[in-house]
Amino acid sequence: MHADLLTSVVAGLYIHIPFCVSKCPYCSFASRPLAGQDPTGYLAAILAQARAMANHPWTRKVRFASLYVGGGTPTVYPGADLARLIESCLELLPFTAAPEISVEANPNTVTLEKLQTLRRAGVNRLSIGVQSFSDRLLTAIGRAHTAKEAHAALDLARATGFPNLNLDLIYGLPGQTLADWQTSLATAMAIGPEHLSLYELMVESDTPFGDLQRAGKLALPAEDETVAMAEAICAPLMAGGYARYEISNYSRPGYQCTQNLIYWHNDSYLGLGAGAVSSFSGLRIKTVEDPALFIKLLQAGGTPFLEAEGLPLEASFRETVIMGLRLVKGVAVRDLEQRFGLTPRAYYGAVLRKLEDQGLIEEVAGQLRLTRKGLPIANQALARLV
Ligand code: SF4
């Protein structure tokens, strides 16, 4: 056997496409409208980065279990361009025998031909940003698609034969009621995707929604209504055959997202593209966010990295605990000890004891995890372990 295979570890590959049809007013992701950008130059630059990383000593020691093309909206590109990107990465970089290959899509950017091209290129998981099945709410959050277009995209995805379909939905939207949310959930479940990502709207200060909120002009649901929306998720999903495996993520058995599990296990990943982040060999590496600068740096034969931060052992331990606690099954205490030589009990001492006394965290069969009481207020509980 080749020496590299003996030492290989599993990692994830993320490719960031920073372009969208238009910018949603709540969005704080690294994304911008496609108009005026250089999408062809950008893909060439990503491939140049992939070629450079193929020769990196770290890359030669890993096998990628997942390739995730996210954004932004990757499907603003023609299918043939995305297929070439994916096929080139599969050729250039080392993958496991059957990697999960995901592409994010938005409803008004897919056609049957585009999806068929992606499927032929090996894409086996499609993640569609539906967000809501109400046109009134889609308008309220500035989405560039309608509910009808969302249904059409989901029909096309099924007709194309994607074996693994994810739907993103958001609750806590301006003007949304509990009944609206329950209708969106029921509609999603009737479609029957393998995976559902259900997030509460977070208003970030550096967005137009942040400006509206500061001006007192953003009519979000009352806190108790948003809590009721969160509480309305689990029972129907469990009854429909889904299991919650992370704070905001639900899947049918066997369909947990490999790429996200790599993040939540705090394993290694390589990020290609403007604004992408990589984490390997004890380093967290950020890439420049501006696509034009990204292209320029790669055209000049340089590297697009903005900064690399060394992760001290204890910081990495804390991060692994916090990310692992996002998973419903929690984090294995023995794995932490083997990986870092530290245990949560010894490291956090009284802080952890207090969280346990308050019934927010528990240790069961060697797994440290949030309790049923802790899961709904995960962010507050986890903030105490940072
Ligand atoms: S489509 Fe997604 S990534 Fe693009 S602007 Fe809207 S929320 Fe942001």
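None of the values given here were measured: they were computed from a predicted structure. (Residues numbered from 1 in each chain as written. Predicted model: local features only at pLDDT ≥ 70, side-chain atom pairs only at ≥ 80, totals over all residues. Heavy atoms only, no water.)

### Describing the sheet that holds strand β16 (residues 361-364)
Applied cut-off: Should DSSP find at least two bridges between two strands, the strands are regarded as paired. Only DSSP runs of H or I covering at least 4 residues are called helices, and only runs of E covering at least 2 are called strands; the numbering of each starts at the N terminus. Contacts: residue pairs with any heavy atoms within 4.5 Å of one another. Angular values range over 0 to 180 degrees, each being the angle between N-to-C directions of two axes fitted as lines to C-alpha atoms, with helices fitted over their stretch in contact.
Reading across the sheet, the 3 strands line up as β15-β17-β16 and stay open at both edges, with antiparallel pairing between neighbours. Pairing within the sheet leaves two strands with one partner each, and these edge strands are β15 (331-332) and β16. Contacts between helix α16 (residues 350-357) and the sheet are confined to β16 and β17 (367-370), with β16 contributing the most and set at about 95° to the helix.

### Brief notes about helix α2 (residues 39-54)
Inclusion rule: What a helix is expected to span follows from its residue count: subtract one and scale by 1.5 Å. Throughout, exposure labels follow a simple rule: accessible area from a 1.4 Å probe, protein chains only, divided by the maximum for the residue type, with under 20% read as buried, over 50% as exposed, and the rest as partly exposed.
Between the first and last C-alpha of α2 there are 23 Å, a value that for 16 residues agrees with the 22 Å anticipated at 1.5 Å per step. Looking at α2, one finds that the buried residues are Gly41, Tyr42, Leu43, Ala45, Ile46, Leu47, Gln49, Ala50, Met53 and Ala54.

### A short note on the state of the cysteines
What is meant by a disulfide is a covalent connection between two cysteines, made through their sulfur atoms. How we decide: Disulfide assignment relies on a single distance test, namely cysteine sulfur atoms paired within 2.5 Å.
Scanning the entire structure with this criterion turns up 0 disulfides. Considering cysteine sulfurs only, Cys89 is the nearest to Cys257, which forms no disulfide, with 17 Å between them. With a relative accessible area of 0%, Cys257 lands in the buried category.

### Re the environment of Ser197
Within the element layout of this structure, Ser197 appears in strand β8 (residues 195-200). On a C-alpha basis, the gap between Ser197 and Ala235 in space is 16 Å, while along the polypeptide they are 38 residues apart. In this structure Ser197 touches Asn166, Leu167, Asp168, Leu169, Ser248 and Asn249, once residues within four positions along its chain are discounted.

### Considerations on the pattern of salt bridges
It is possible for side chains bearing opposite charge to pair when their charged atoms get close. The test is simple: Counted as salt bridges are all cases of a side-chain nitrogen of Lys or Arg within 4 Å of a carboxyl oxygen of Asp or Glu.
Under the definition given, this model contains 12 salt bridges. Asp267 is the salt-bridge partner of Arg339, the closest N and O atoms lying 3.8 Å from each other. Taken as a pair, Arg339 in helix α14 (residues 333-340) and Asp267 in the loop between α11 (258-264) and β11 (269-272) lie far apart in primary sequence, 72 residues in all. With relative accessibility at 27%, the residue Asp267 sits in the partly exposed group.

### Digging into the packing of aromatic side chains
To keep it simple, the criterion reads: Each aromatic pair joins two rings of Phe, Tyr and Trp (for Trp, the six-membered one) with centres within 6.5 Å, and gets the label stacked for planes under 30 degrees apart, edge-to-face for over 60, and tilted for any other angle.
Under the criterion given, the structure shown has 15 aromatic pairs. Ring geometry for Phe19 versus Tyr77: centroids 6.4 Å apart, planes at 50°, classification tilted. Taken together, the residues span a long stretch of sequence, with Phe19 in strand β2 (residues 19-20) and Tyr77 in the loop between β4 (62-71) and α3 (79-92) at a distance of 58 residues. What makes Phe19 buried here is its relative accessible area of 0%. Given a relative accessible area of 3%, Tyr77 falls into the buried group. With centroids separated by 5.5 Å and ring planes inclined at 50°, the aromatic side chains of Phe64 and Phe95 adopt a geometry described as tilted.

### Structural notes on helix α13 (residues 313-325)
One turn of an α-helix holds 3.6 residues; hence residues three or four places apart share an orientation. Its 13 residues place the ends of α13 18 Å apart at the C-alpha level, agreeing with the 18 Å of an ideal helix rising 1.5 Å per residue. Regarding α13, the residues found buried are Ser316, Phe317, Thr320, Val321, Ile322, Gly324 and Leu325.

### Regarding the pairing of strand β13 (residues 283-287)
It is a general feature of regular strands that their side chains alternate between the two faces of the sheet. Here strand β12 (residues 277-280) pairs with β13 via 4 bridges, running antiparallel. Note that in β13 the partner of Ser278 across the bridge is Ile285. Relative to strand β14 (residues 305-310), β13 is paired through 5 bridges, and the arrangement is antiparallel. The residue of β14 that forms the bridge with Thr287 is Phe305.

### Considerations on the packing of α2 against α3
Let me state the cut-off plainly: Just so you know how the angles are binned, under 35 degrees is roughly parallel, over 145 roughly antiparallel, 65 to 115 roughly perpendicular, and the rest oblique. The classification used treats Ala, Val, Leu, Ile, Met, Phe, Trp, Tyr, Cys and Pro as nonpolar, Asp, Glu, Lys and Arg as charged, and all other residues, Gly among them, as polar.
Taken N-terminus to C-terminus, the directions of α2 and α3 make an angle of 5°; their axes are 10 Å apart at the nearest point. Compared by their axis directions, α2 and α3 come out roughly parallel. When α2 is examined against α3, the residues Leu43, Ile46, Leu47, Ala50, Arg51 and Ala54 are found in contact with a partner set consisting of Asp81, Leu85, Ser88, Cys89 and Leu92. Of the residues belonging to the contact of α2 with α3, the class tally is 8 nonpolar, 1 polar and 2 charged.

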